[in-house]
Amino acid sequence: QVQLVESGGDLVQAGGSLRLSCAASGSRISRRSLGWYRQAPGKQRELVAAATSNGNTNYADSVKGRFTISRDNAKNTVSLQMNSLKSEDTAVYYCAATTPGTSTFNYWGQGTKVTVSS
């Protein structure tokens, strides 16, 4: 139904910036919420940011003011602009999509690794 491919993960110094991108393909992309999860070493997977089909966004408290999610429905892409990166942002970041009309993330990319050096 949906294929998600992340890119942009890299090694970056603390205080730096990085932009992750996710290309979505399949059906009804514009009707799905798209989001970014991350899983840090020794931590549970957490929702970082999400964008609904009508443009509403929400963020984890830990990234508010630093990260910005955006989506381009014409291109079926969603990006995560990450600024003022901290060591604790180190994680594998996953693009995710919901089933249309739901808030349940059922589809996942393979992940892209972000390493923030102190």
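Residues numbered from 1 in each chain as written. Predicted model: local features only at pLDDT ≥ 70, side-chain atom pairs only at ≥ 80, totals over all residues. Heavy atoms only, no water.

Caption draft 1: Structural detail: the sheet that holds strand β7 (residues 67–72). With respect to topology, four strands assemble into an open sheet ordered β1-β3-β8-β7, the strand pairing being antiparallel. The open sheet has two free edges, formed respectively by β1 (2–7) and β7, since each of these has just one partner strand. This sheet shows a mean twist of 15 degrees between the axes of neighbouring strands, independent of strand direction. Pairing geometry for strand β3 (residues 18–26) and strand β8 (residues 77–82), over six bridges, is antiparallel. Bridging from a neighbouring strand, A23 pairs with T77 of β8. (Pairing = 2+ DSSP bridges. Helix = DSSP H or I, 4+ residues; strand = E, 2+ residues; numbered from the N terminus. Axes fitted to C-alpha atoms, helices over the stretch in contact; angles between N-to-C directions.)

Caption draft 2: Region of interest: the pattern of salt bridges. Following the criterion strictly, the structure yields four salt bridges and no others. The partner of R38 in a salt bridge is E46, with the nearest N and O atoms 2.7 Å apart. When the shortest N-O distance is used, the salt bridge between D89 and R66 registers 2.7 Å. With a gap of 23 residues between them, D89 in the loop between β8 and β9 (91–98) and R66 in the loop between β6 (57–59) and β7 connect regions that are remote in the sequence. (Salt bridge = Lys/Arg side-chain N within 4 Å of Asp/Glu carboxyl O.)

Caption draft 3: Local environment of the packing of aromatic side chains. Scanning all chains against the criterion turns up two aromatic pairs. Ring plane angle 80 degrees and centroid distance 5.5 Å describe the contact between Y37 and F105, whose orientation is recorded as edge-to-face. A residue pair is termed long-range when its members are at least 10 positions apart, and Y37 in strand β4 (residues 34–39) and F105 in strand β10 (residues 105–108) qualify at 68 residues. Ring centres of Y37 and W108 lie 4.9 Å apart, and the angle between their planes is 65 degrees; on these two criteria the pair is classed as edge-to-face. In this pair, Y37 sits in strand β4 while W108 sits in strand β10, placing the two residues 71 residues apart along the sequence. On the basis of relative accessibility, which here comes to 15%, the residue Y37 falls in the buried class. Exposure remark for W108: the relative accessible area of 29% places this residue in the partly exposed category. Members of the aromatic cluster, each reached through a chain of ring pairs, are Y37, F105 and W108. (Phe/Tyr/Trp six-rings, centres within 6.5 Å; stacked < 30°, edge-to-face > 60°. Buried < 20%, exposed > 50% of the residue type's maximum accessible area, 1.4 Å probe, protein only.)

Don't take any of this as a statement about function, it's just geometry.
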